[in-house]
Every structure is written in structure tokens, then in C-alpha cells.
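The residues making up each chain are set out below.
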Amino acid sequence: MQFKNPEILYFLFLLVIPILVHLFQLRRFKKEYFTNVRFLKELSIQTRKSSQLKKWLLLLTRLLLLLFIILAFAQPFFKAKDSAATGNELFILLDNSFSMQAKGQKGELLKRSVQELLENIPENQRFTLYTNDDAFTETDVKSIQKELQNLNYSSEAFPLEQLLSKVKAKKSVLGSDVVIITDGIGMQANDLRKSDSTINAFYILPKAEQKNNISVDSVFINQTLDNFYEIGVKLTAYGTSKTEIPVALHNKNTLIAKTLATFEEKDKTMLFTIPKEDFHGYVTIEDNGLLFDNTYYFSISKPEKFQVLSLGSSTKNAFLSRIYTANEFNYSNYELNALDYNQIENQETIILNELDEIPNALQSTLKAFVGKGGNLIVIPSTKINATELTQFLRSLGAVSFSNMETGEKLITKIAFSHPLYSTVFEKKIDNFQYPTTKSNFPILSQYAPILSYQDQQAFLTSFQNGFGKVYVFSGAINKENSNFQNSPLIVPTFYNMAQNSLLSGVVALKIGDSNVFLLDANLEKDEIISISNGTQNYIPIQQIVNNKVKISLANLPLEAGNYSILKKEQPIKNISLNFDRQESNLFENNAATLLKDQNVNPSIEAVFNTLQTDRTDQQIWKWFVMLTLLFLVIEILIQKFVK
């Protein structure tokens, strides 16, 4: 027990006063004589005993009364269990990602968490609150009540590691209490590494009662007919789904098709046939799970022919003419000595197919071509000098060739997530007919490979240069050196390398990606490109490159939907944007395992109750006041009833 006013205890010496009063009574007794002495003696003895008891009771009562009143003024208390952390700064990290749309026992996880915060944070408590995409610093619950109640869901995953870094950067002298509210979807072990001894973390994991969910994952052109597209809509069911799900296809605001989907397996592809013309619409479903992934926006523009030029022997380039067909590409092939350099700037993709040397003039022209947004594909010749080729590639990016190695090597690994193959495979495969090469130049590069050998060396890699992309093979792919031309990979690889130069096919960009692309548009002086969804207009970052415009949608506050790219308020291209589906699967949640050694609490109320209990001193002076009053009453009763 401790005292807030210990100096008051000096007044305990006053306890001597009632003792002196009772022990040194100055009152004298006067003798009286009566006739019946025997009777008076007996009465005198009884009166003396009763008076003696009353005096001792009064003495004890007054001593205790005085003691308790002195102790009450000294304000005794028991020190709090966690008193050292009383001055900690409070931080709240609130997950408002799309997975928090899930339904718990009392409604949506995010809305219920906000309500519990408003109910349990003390009104005078100062705190800092971080969400996925917003911050409220040094505030109180009344100041941000409306903002919290109107808090929107964020397309960003909960950046726990980043937010803990922000807390740590505050460098609070006394320490930090961090209340972390998240459902744990997407949590990784690395997210916890920013926590240290100065951060006192309290985790709250709201649990979803309904985890079953169906997501519209992608739309692709399944087949191109003479006058129609057959498009595929890929749906994914997480959990069990025994009911039929309505699937509707809209072009702009017009319903053009509707059907029902049943799930025998996890994935389901629905096929629709639409006219071969501009399409600017969306696919939507109705399910009882999350809402953000129920609509998928996409645009299809009338097909435009791509300009592709290959340099090298016509014999070795014969396979390219079968890939770049006349209905989709304007493909041409030239021997190096017959090339008109003026044609290069009109191309979108140039392929250097096994040139024995690359003249300096061509190197300079190609460097400018790539910088302005062109795609360059380099297939080395078995006769080329590795040092000279390295010098050329070094002028474009951090890629080097070592001396040629001979010996058959298998190409065994595919980067399925690379944009080149992201729409090619429905699922990852680990057994296919492996292509081989008999000789290759080992690539030294900081860039991730697209195709790899069994020894993890790159067979095909790529990198960005300015507005364009450069694709580099490590070896020749002619039939004498490789059987890559006979592999099923040959068509999607070269087809997509040529198409990546512009927005083509199904345009459905992902919000959060860099989303940088080139657009065919001749702008006059002071003209700008804007982007609109009909209600809001944005001006993206843009740069003129010859007869094209580089557009960057980064840092724009875009919502999922259909957008038009405008020039002088006239639409010149349609694009669509969608939220990432990474949080659609509520079953992939290992937060409980990751946090098994952390301070996990059942509710927000429990956290603030703990903070209140462990950080508050137990005041007991009121008890001493009550005891003082009690003994005052006891003294009165003794005076009245004890004779």
C-alpha cells in the first residue's frame, strides 16, 4: 500500500491525545455516607466495572476513528499492476480491406469493429488511428466519429508491417500500446518483425461466420469467329456452393445475356458469344459472400493490326509468319542488308532473330525505338560475339552474356504470374514436354526469368527500358539448336510479346498495378488526355512520344468500373479497372498460427478493460472514510447505550 499524501501520516501523533484523556482523568470522586453500607458497597462495585468497560470501548473507538480519518487524508492506494506503462501512447491499426466485408455474428466485421471502438475508447483518450489507406493522428473518438462511421473499404491489403514501422518511427519515450484489429487474411510472418519491446501489441481477430464466397476472377477471349467473339468468364468458388448462382453479362447498361452457374468443382468457366465490335461492360453475379468481387468490368475494342518486323534469314524467320498472321498483324521480314531504317519508327515490335552481328547504326536506332515505347526481342545467333552482344544489351538494361556453353539443357520452369503468361494457363502445370537447347549463352541479369532451365538459369528474360520492353533469349531457337519451335509455348510467347505494346484484346486493368501503357493519339500543343467514368474526370500522368502518348494511371483515386479515355472530350479508347481478387478466399487464414505467441484478445472491449484495470491504481481512501463514519456512529451508540 502506498500514499499520495504521506506527509499527513505525521498527524498520527494525535493518537496520543485520547490516550492521555482517558488515562489521566482529573475528575475526583466525593464520598457520601449512607446507613445501609452493605448495599451501597455492592452497587459501587457494579457501577465501577461498567464504567471501566465503557471507558476502554470509547478509547478504542476514538483511536480507530482518528486513525482512519488521518489515513483517509493521506489517500492510500494499491499500485497498478502495469503502472510503468500508464503513459504509453495509444495506436489503433484498423484493417479496412475488402475481406472485412465478411459477416460475423453481429454484422460486417469492419462496421462492427468501428462500433465497438466508438463504444469502448474513453472520451478523453488521445490516440492515433491508421487504416490501410488513411491516418488520423493525435485525435480523440469524438473528433473522428463521423469519419469512422463512414469508413470505406480499401482495395489495398492490410499493410501490417508498414503500419508497425510507422508506429516504431514515432519513437515514443514511454512506449506504445498498439491495438491491431484485423481478420488476418493475407497475414505473413514478416508482418510481425517490426514489433519490439517498446511496442505493446494487442491483437483482435474478428471472425467471419460466413466464409463461402464466389468470385468473378477474369474474362478472356476463348475463341475468335468471323463475326463474333466467344468470351470466357472464369468464376471461382471458395468453400461449398450447392445453389445455382445467377450470372449476368451487360454491355454498358444493357443486359445482353443471363444464365445460372453450378459448381461441381472449384473453378467454373461460363461461355458467352458477343458481336465482334466494341464492348464496354461487365459481368456480375449474386452470392451471399463478399461483394467487391461480384462484378468484373472489361472492355473489348475492335481489333487493330499490330506492326511487327523481323530481321534475319527468311528461312529462320519462317515460323514467325505462321504466328503473326495477316488478320491480326502487319508482319514483315527483312535481311539486314535490305533494311530501310526509316521503317523502324513505324513498328511496334522488332525481332532480331539470330543476327551474326548488330551494326552500330542499328544499335542506336533500336535504342531510340525502345525508349519511345517499342518492343524488342533478341534471339542470339550461335556465331555472334558474346562481348559485342553484351555491350549492346548493356546500353538497354542490366543484362550480360557469358561465353557460349554447349550441351543439351531442358527448359523446365515457367513464370506463370508473368504478364506474358498470366492469361495463357488456367492452372499451374509441372509436367509438359520440356523444350531443349544444345547451346546457349548464360544470362547474367538482375531481372526475374520468364522461362528457366532445370539449373535455374534463364532461357528467356525481360526488362523495361523507357516506355518499351526488351525480351532476351539465351540461345538460338532454330531447329538445329533447339526444339522450342515445336513446343506449345512458342505461339503464346511470341504472340503476347508482340501484343503487349498496346492495350489489346480484353482490357481489364488491375487497380494498384503501375498501369502504364501507350496510346495511339496525335496531340496538338497544349492538348491533354483525360479519363472519365461518366461522373468523375481525372487527368493521368502523360507524355507524348512521337505519335503515341504514354499514360500512367498510378496514384489516381480510381474505383472499379468502366472508363473512357478522352481527347477533346471525345472518347478514343475504352478501358476497365477492377480490384485485385487476392482477398476473395476467406479460408486461407493462418493468423491464429502466426499469432500463437502474441497477445490475442477476444474483443475490443476486453482490450480496453485490460488497459483500464492494469493501468489504474486502486484507490482505497474512501474505505477509510467509511470506517471513520462507522466508528463515529459506534462511539455515539456506546455513549447512549453503555452505562
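Everything here concerns the structure above.
Keep in mind that this is a model prediction, so the values were computed, not measured.

### Structural notes on empty space enclosed by the protein
Applying the stated criterion across every chain yields a total of one cavity of 30 Å³ or more. By volume, the largest cavity amounts to about 50 Å³. Per-class residue counts for the lining of the largest cavity are eight nonpolar, one polar and one charged.

### What about the pattern of salt bridges?
All chains considered together, the criterion is met by nine salt bridges. Residue Arg-126 pairs with Asp-140 through a salt bridge whose shortest N-O separation is 3.1 Å. Here Arg-126 is found in the loop between α3 (109-120) and β6 (127-130), whereas its partner Asp-140 is found in the loop between β7 (135-139) and α4 (145-149), with 14 residues between them in sequence. Residue Arg-126 is classed as partly exposed on the basis of its relative accessible area of 43%. The exposure class assigned to Asp-140 is buried, which follows from its relative accessible area of 15%. Residue Lys-568 is joined to Glu-527 by a salt bridge in which the shortest nitrogen-to-oxygen separation is 3.1 Å. Here Lys-568 is found in the loop between β35 (561-567) and β36 (570-578), whereas its partner Glu-527 is found in the loop between β30 (516-520) and β31 (529-532), with 41 residues between them in sequence. In this structure Glu-527 comes out as buried when scored by relative accessible area, which is 13%.

### Observations regarding a nonpolar patch on the surface
A contiguous nonpolar patch, built from Trp-621, Val-625, Leu-629, Leu-632 and Ile-636 and spanning about 430 Å² of accessible area, is present on the exposed surface. Tracing the chain through its elements places Leu-629 in helix α12 (residues 621-641).

### Looking at the environment of Glu-345
Take Glu-345: it is sitting in the loop between β18 (329-334) and β19 (349-353). Taking the relative accessible area as the measure of exposure, Glu-345 reaches 57% and is therefore exposed. Linking Glu-345 and Leu-366, residues 21 residues apart in sequence, is a C-alpha distance of 9.1 Å.

### Overview of the nonpolar core
Membership of the largest hydrophobic core comes to 51 residues, with the highest contact counts inside it found for Ile-92, Leu-117, Phe-127, Ile-181, Leu-553 and Ile-575. A per-element tally of this core places α3 first, with five residues. In this structure Phe-127 touches Leu-90, Ile-92, Ile-121, Phe-136, Thr-137, Glu-138, Thr-139, Asp-140, Val-141 and Ile-144, once residues within four positions along its chain are discounted. In terms of nonpolar packing, the next biggest core, distinct from the first, is built from 29 residues, Ile-379, Phe-416, Leu-420 and Phe-494 among them.

### Here's the deal with helix α5 (residues 160-170)
For α5, the complete set of buried residues consists of Leu-160, Glu-161, Leu-163, Leu-164 and Val-167. Take α5 and look down its axis: the buried residues cluster within an arc of 165 degrees, on one side only. Those residues of α5 hidden inside the fold are in contact with β3 (89-94), β6, β8 (176-181) and β9 (199-204). Lys-171 sits one or two positions beyond α5 and adopts a positive phi of about 50 degrees.

### Remarks on unusual backbone geometry
Phi angles above zero are rare outside glycine, and Glu-138 is one such case at about 45 degrees. With respect to the helices, strands and loops of the structure, Glu-138 is situated in strand β7. The class of Glu-138 is partly exposed, set by a relative accessible area of 41%. We note that Glu-354 has phi near 60 degrees; this positive angle belongs to a residue other than glycine.

### Observations concerning the sheet that holds β8
The strands making up a sheet associate through hydrogen bonds between their backbones, and the pairing can be parallel or antiparallel. Strand order in the open sheet formed by six strands is β7-β6-β3-β8-β9-β37, with mixed pairing between adjacent strands. Across the chains shown, the open sheet's two edge strands, defined by having one partner strand only, are β7 and β37 (600-601). Of the strand pairs in this sheet, β3 and β8 are connected by six bridges, and their pairing is parallel. Counted as the bridge partner of Leu-90 is Asp-177 from β8. Strand contacts of α3: β3, β6 and β8, with the helix running at about 160 degrees to β3, the strand carrying the most contacts.

### Quick look at the side chain of Asn-353
Of note, Asn-353 is situated in strand β19. Residue classification places Asn-353 among the buried positions, given a relative accessible area of 1%. Polar contacts involving the side chain of Asn-353 include one to the side chain of Asn-317, which spans 2.4 Å. Among residues more than four places away in sequence, those in contact with Asn-353 are Leu-311, Gly-312, Lys-316, Asn-317, Phe-319 and Ile-379.

### Comments concerning the pairing of strand β20 (residues 375-379)
Burial analysis of β20 places five of its five residues in the buried class, which makes it a mostly covered element. Residues Asn-375, Ile-377 and Ile-379 point to one face of β20 and Leu-376 and Val-378 to the other, with burial holding for every one of them. Sheet topology note: the β19/β20 ladder contains five bridges and is parallel. If you follow Leu-352 over to β20, its bridge partner there is Val-378. For the segment spanning β19, helix α7 (residues 360-371) and β20, crossover handedness is right-handed. Two elements, β20 and strand β27 (residues 468-473), share three bridges in a ladder whose sense is parallel. Looking at the pairing, Leu-376 lines up with Val-470 of β27.

### Some details on the packing of aromatic side chains
The description of two aromatic rings rests on the distance between their centres and on the angle between their planes. In total, this model carries 17 aromatic pairs according to the counting rule given. Ring centres of Tyr-324 and Phe-329 lie 4.9 Å apart, and the angle between their planes is 65 degrees; on these two criteria the pair is classed as edge-to-face. Residue classification places Phe-329 among the buried residues on the basis of a relative accessible area of 2%. A ring pair is formed by Tyr-453 and Phe-459, whose centres lie 5.7 Å apart and whose planes are at 75 degrees; its orientation type is edge-to-face. Summarising the burial analysis for this pair, Tyr-453 and Phe-459 share the class buried. The rings of Phe-319, Tyr-453, Phe-459, Phe-473, Phe-484 and Phe-494 are connected pair by pair, giving a single aromatic cluster.

### Thoughts on a negative patch on the surface
On the surface, a cluster of negative charge is made up of Asp-133, Asp-134, Glu-147 and Glu-156. With respect to the helices, strands and loops of the structure, Asp-133 is situated in the loop between β6 and β7. On the basis of relative accessible area, Asp-133 is assigned to the partly exposed category, the value being 45%.

### As for the sheet that holds strand β29 (residues 509-510)
Pairing in this open sheet of five strands is mixed, and the strands run β29-β36-β35-β31-β32 from one edge to the other. At either end of the open sheet lies a strand with only one pairing partner, and these are β29 and β32 (537-538). Bridge analysis of β31 against β35 gives four bridges, and the strand direction is antiparallel. Note on β35: the bridge partner recorded for Ile-529 is Lys-567.

The rules behind the values
Residues numbered from 1 in each chain as written. Predicted model: local features only at pLDDT ≥ 70, side-chain atom pairs only at ≥ 80, totals over all residues. Heavy atoms only, no water. 1 Å grid on protein atoms, 1.4 Å probe; cavity = no way out; pocket = protein on both sides within 12 Å on 5 of 7 lines; lining within 4 Å. Points joined across faces, edges and corners; volume = space filled by probe spheres on them. Nonpolar A, V, L, I, M, F, W, Y, C, P; charged D, E, K, R; others polar. Salt bridge = Lys/Arg side-chain N within 4 Å of Asp/Glu carboxyl O. Helix = DSSP H or I, 4+ residues; strand = E, 2+ residues; numbered from the N terminus. Buried < 20%, exposed > 50% of the residue type's maximum accessible area, 1.4 Å probe, protein only. Patch = residues over 30% accessible without salt bridge, like charges linked within 9 Å, V, L, I, M, F, W, Y side chains within 5 Å. Areas by Shrake-Rupley, 256 points an atom, 1.4 Å probe, with all protein chains shown as cover. Core = buried A, V, L, I, M, F, W, Y, C linked by side-chain atoms within 4.5 Å. Contact = heavy atoms within 4.5 Å. Arc of directions from axis to C-beta. Pairing = 2+ DSSP bridges. Axes fitted to C-alpha atoms, helices over the stretch in contact; angles between N-to-C directions. Polar contact = N/O pair within 3.5 Å; in protein donor to acceptor, adjacent residues only side chain to side chain. Right-handed = clockwise from strand over helix to strand, strands pointing away. Phe/Tyr/Trp six-rings, centres within 6.5 Å; stacked < 30°, edge-to-face > 60°. Lys, Arg positive; Asp, Glu negative; His and termini not counted. Charge placed at Lys NZ, Arg CZ, Asp CG, Glu CD.

Note that all results are geometric; they support no functional claim without further evidence.
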